[in-house]
Amino acid sequence: MDDSPLSGPPPGRSPGAPDDEQAAGLDRRAELSEFLRTRRARLKPEDVGLPALGRRRRVPGLRREELAQLAGVSVAYYTRLEQGNGRNVSAEVLDSIGRALRLTDAEQAHLTHLATPRPPRRKHRMPKRQQVRASLRHLLDSLEVPAYVAGARSDILAWNRMAAALFGDWGSMPAGERNWARLTFLHPAYRELFLDWETKASDMVSYLRLYAGQHAEDPDLSALVGELSVKSETFRKLWATHDVKEKGHGVKRMRHPLVGDLTLAYETLHLPDDTEQYLCVYHAEPGSPSADALRLLANWGTDATTVRTV
């Protein structure tokens, strides 16, 4: 199992982009502007208790002046913020705007990250190598259910035998390909594996957006987003929605070529000593057909990855 970080050349700077925001990553001001605009556009006046003034509106959702009124700030102040000028904005104002926009906890955190000034970035800083603790690898190997550790940008860093049997032979892939966003959008076999692939794809982009709000200066992130935007129209459309979501727990329905349909619950455990890494564990309801299918996969062992290469 390899723990090499995703690598890629930083994209070129967009014309006119500020030096300290875009030189080796995403433009944080543009991200803030588009996030606020898309959140405002999804609200209707009646959603927030305002009268709908006529049937025809020139803009989707709330007008800037309506949002400013709800947030208790001036229209000029909110306009500057939506134009990407988040410098010196207070936490109280951000909370007020978040309440007016009906933001989720993940969205509020995303807004705060985008609007909070960052210290000047050191030039030519090498990305930190992502490593998985030896004891965590031992824990993975001891689990009898599929489990893996992922890190920044959803890079897959370590996994156990059952994860390889379920998801495919990650060990045979170049380290740069072992990334959930790349697998989801660029590897056709994953469309067949996940029965709710559209939901999987939407969630994946939302996780990546949340990471982008915290690490807009990450050149590898910018390279990944650029590559996926060019190669996948679906990714490009989902990225433009600016939706964000925290990875937590849920259920995935899959169709495995060796054992058939499975319904598996997953739990995401964020590591206390590295907030960018998380352990994801899949399991089946005891006594269910999916539990029987997992046992069958365990019996296949390494042969499952030989027969099925994703």
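Computed from a prediction, not measured in an experiment: that's the story for all the values here. Along each chain, the written sequence defines residue order, and numbers are assigned to residues from 1. With the structure being a predicted model, the display of local features is reserved for residues of pLDDT at least 70 and the display and counting of side-chain atom pairs for 80 or more, all residues being used for whole-chain, interface and lining totals. Excluding hydrogens and water, the side-chain values take into account all heavy atoms of the structure.

As for the side chain of aspartate 203
Item 1. One can find aspartate 203 in helix α11 (residues 197-214).
Item 2. Note on contacts: a residue pair qualifies if any of its non-hydrogen atoms lie within 4.5 Å across the two residues. Not counting residues within four places of it along the chain, the set of residues in contact with aspartate 203 comprises Lys245 and Lys252. In this description a helix means any DSSP run of H or I spanning at least four residues, a strand means any run of E spanning at least two, and both kinds are numbered starting from the N terminus.

Side note on the confidence of the model for the chain
Item 1. Confidence along the chain averages 85 in pLDDT terms, with 83% of residues attaining 70 or more.
Item 2. Per-residue confidence from the predictor is reported as pLDDT, a score between 0 and 100. Predicted confidence for residues 1-23 stays below pLDDT 50, and this span has 55 contacts to residues more than four positions away or in other chains.
Item 3. Predicted confidence is poor over residues 306-310, with pLDDT under 50, and the contacts of this stretch with residues over four places away or in other chains come to 17 contacts.

Notes on the sheet that holds strand β5 (residues 274-283)
Item 1. The pairing criterion is simple: DSSP has to find at least two bridges between the two strands. In space, the five strands of this open sheet follow the order β2-β1-β5-β4-β3, with antiparallel pairing throughout. Each of the sheet's edge strands pairs with one partner strand only, and the pair in question is β2 (156-159) and β3 (249-256). Averaged over all neighbouring strand pairs, the angle between strand axes comes to 25°, with direction disregarded.
Item 2. Sheet contacts for helix α7 (residues 134-142): β1 (147-150), β2, β4 (260-271) and β5; angle to β2, the most-contacted strand, approximately 55°.
Item 3. Axes, fitted as lines to C-alpha atoms, cover a helix only where it is in contact. Angles between the N-to-C directions of the axes lie from 0 to 180 degrees. Here helix α14 (residues 289-300) sits on the sheet in contact with β3 and β4, set at roughly 80° to β4.

Some thoughts on the nonpolar core
Buried together is how nonpolar side chains tend to be arranged in soluble globular proteins.
Item 1. Buried Ala, Val, Leu, Ile, Met, Phe, Trp, Tyr and Cys residues form a nonpolar core when they are joined through side-chain atoms within 4.5 Å. Throughout this description, buried means an accessible area under 20% of the type-specific maximum (1.4 Å probe, protein chains only), exposed means over 50%, and partly exposed covers the range between. Judged by nonpolar contacts, the single largest core of 49 residues is most densely connected at Tyr148, Phe167, Trp170 and Trp180.
Item 2. In terms of residue count, α11 provides more of this core than any other element does, eight residues in total.
Item 3. Grouped together as the second largest cluster of nonpolar side chains are 26 residues, Leu36, Val48, Val93 and Leu114 included.

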